[in-house]
2 protein chains.
Amino acid sequence: MSIISPSHYICFKLSRAMRKVQRYYEVNLVPLEITAVQFYVISSLWETDGIKFKELAQKLSMDGATLTGILDRLERQRFVTRKDDPEDRRSVLVFLAEKSLAQRDEFRRLAETLDNEIRDQFNSQDFATFSRMLDQIGQD
Amino acid sequence: MSIISPSHYICFKLSRAMRKVQRYYEVNLVPLEITAVQFYVISSLWETDGIKFKELAQKLSMDGATLTGILDRLERQRFVTRKDDPEDRRSVLVFLAEKSLAQRDEFRRLAETLDNEIRDQFNSQDFATFSRMLDQIGQD
DNA sequence: CCTCGTTTGTTTGTATACGAATATTGTAGT
DNA sequence: ACTACAATATTCGTATACAAACAAACGAGG
């Protein structure tokens, strides 16, 4: 069996590309004092404010234990708030706080700029294939 | 400006797909007592045993601080050993230990099986485009 | 009601990931 | 030989990521 470099494994390629893009996002998100993952959480809340913790985790394909920590930090920085669900005492509802609502357009503009800068590096048909495959791999 | 779900951002798609694939790898790597990232390190060493720490980090597009921790754990589990570089006292050389050499073919077979199982889910032309784009994004 | 299994969110432990600071060593220029 | 800067690996602090264990609350069936 011939020797295969890690750079031939699709899992490694994915990991490397993801780290590269995420680092690029995070460098540019520094002035907003937010990480890329935290931005995804806030984006989800713009779509559905007051969503249940469980549903938020599903929307983000994220482990609940991971989301707990992320919400802890977002709450500490006053980007979101947790409230008890009046209909189920086990459940927690997550809301955007003032600080997120106030900066909504800045966040969004920057995120779309970053996304477009990646997109512009590729032939649009290739990019469509790429995006579709990422969705297919990432689907639940 | 319309509301955009995080699932439309390419960075989120990449992150989600990468986590999914990596989790799949790691579930199957459990019996070998090794993580996906640790497998990449060992694969690199199969190509170039006794490589310099710095070069290993570059080969893996990995931050040195991250690699230090990974080597600590691999060394503790006796998969690799560190040795002083006789030509530069700042530098460290990384070698495979017996335990890695002995299981080389098992590791390789499993990794290729997992890789092929991903690959087989797609049209081969689409997969080629996908792979090429991951390389392009991930290049230094 | 009561009990038992399930659901929900958190906590804990471990493993990446990376910026910043650090200690040590190398090297170029004088 | 000295100085100043550069390169190397580690350490520290913080943020994901996830499995496993946990506490609290729900709900179906008796």
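Bear in mind the structure is a predicted one, so any value in this text is a computation, not a measurement. (Residues numbered from 1 in each chain as written. Chains lettered and ligands numbered in written order. Predicted model: local features only at pLDDT ≥ 70, side-chain atom pairs only at ≥ 80, totals over all residues. Heavy atoms only, no water.)

Peer 1: Would you mind showing me how to read the protein's contact with DNA strand D here?
Peer 2: Close to DNA strand D lie 25 residues, the nearest being Thr35(A), Gln38(A), Arg23(B), Lys54(B) and Thr68(B). If you look at DNA strand D and keep only atoms within 4 Å of the protein, 85% of those are sugar or phosphate atoms. Separating a phosphate oxygen of DNA strand D from a side-chain N or O atom of Gln38(A) is a distance of 2.9 Å. Interatomic distance of 2.9 Å between a side-chain N/O atom of Thr68(B) and a phosphate oxygen of DNA strand D. Among the elements of the structure, α2 (36-47) and α4 (64-76) of chain A together with α1 (10-29), α3 (53-59) and α4 (64-76) of chain B are those that each provide at least two residues to the surface near DNA strand D. A per-element tally of the surface near DNA strand D places α4(A) first, with five residues. When its residues are assigned to classes, the surface near DNA strand D shows seven nonpolar, seven polar and 11 charged. (Near = heavy atom within 4 Å. Polar contact = N/O pair within 3.5 Å; in protein donor to acceptor, adjacent residues only side chain to side chain. Helix = DSSP H or I, 4+ residues; strand = E, 2+ residues; numbered from the N terminus. Nonpolar A, V, L, I, M, F, W, Y, C, P; charged D, E, K, R; others polar.)

Peer 1: How do you make sense of the pairing of strand β3 (residues 92-96) of chain A when you look at a structure like this?
Peer 2: Successive side chains on a regular strand alternate, one facing one side of the sheet and the next facing the other. Residues and elements named next belong to chain A. The pairing of strand β1 (residues 51-52) with β3 spans two bridges and is antiparallel. Paired with Ile51 across the bridge in β3 is Val94. Summarising the sheet, strand β2 (residues 80-84) and β3 pair through five bridges and their orientation is antiparallel. Paired with Arg82 across the bridge in β3 is Val94. (Pairing = 2+ DSSP bridges.)

Peer 1: I would appreciate a short explanation of the interface of chain A and chain B in the present structure.
Peer 2: Often, the extent of an interface is quoted as the loss of accessible area upon association of its parts. Opposite the 56 residues of chain A that make contact, chain B presents 56 residues. For the pair chain A and chain B, the two sides together bury roughly 5700 Å², of which 67% comes from carbon and sulfur. Counting every contact that joins chain A to chain B gives six salt bridges. Where Asp126(B) meets Arg132(A), a salt bridge forms, and the shortest distance between an N and an O atom there is 3.1 Å. Viewed at the interface, chain B and chain A are joined by 18 residue pairs in polar contact (both at pLDDT 80 or more). Per element, the largest residue contribution to the side of chain A that touches chain B is 14 residues, and it comes from helix α1 (residues 10-29) of chain A. For the side of chain A that touches chain B, a count of residues per class yields 26 nonpolar, 14 polar and 16 charged. (Contact = heavy atoms within 4.5 Å. Buried area = accessible area lost by both parts, 1.4 Å probe. Salt bridge = Lys/Arg side-chain N within 4 Å of Asp/Glu carboxyl O.)

Peer 1: What is the right way to read the relation of the copies chain A and chain B from this model?
Peer 2: Two chain copies here: they are related by a rotation about an axis and a translation along the same axis. Of the transformation superimposing chain A on chain B, the axial component is 0.0 Å and the angular component is 180°, with the fit at an RMSD of 0.1 Å. Such a turn and shift between the copies fits a two-fold axis. Measuring from the rotation axis to each C-alpha of chain A, the shortest distance belongs to Phe130(A), at 2.7 Å. Interface overlap between copies is the fraction of interface residues in one copy that are interface residues in the other; for chain A against chain B it reaches 100%, indicating a shared surface. (Least-squares fit on C-alpha atoms with pLDDT ≥ 70 in both.)

Peer 1: Got a minute to help me understand the state of the cysteines in this structure?
Peer 2: Tallied over the entire structure, the rule returns zero disulfides over all chains. The thiol of Cys11(A) is not disulfide-bonded; the next cysteine sulfur, from Cys11(B), is found 17 Å away. (Disulfide = S-S within 2.5 Å.)

Peer 1: Sorry, what's going on with the protein's contact with DNA strand C here?
Peer 2: Close contacts around DNA strand C come from 24 residues, with Arg23(A), Lys54(A), Thr68(A), Thr35(B) and Gln38(B) the closest. The share of sugar and phosphate among atoms of DNA strand C within 4 Å of the protein is 79%. For DNA strand C, a phosphate oxygen lies 2.9 Å from a polar atom in the side chain of Gln38(B). Residue Arg90(B) places a side-chain N or O atom 3.3 Å away from a sugar or linking oxygen belonging to DNA strand C. Listing elements by their share of the surface near DNA strand C, those giving two or more residues are α1, α3 (53-59) and α4 of chain A together with α2 (36-47) and α4 of chain B. Among the elements that make up the surface near DNA strand C, the one with the highest residue count is α4(B) (five residues). Split into classes, the residues belonging to the surface near DNA strand C amount to seven nonpolar, six polar and 11 charged.

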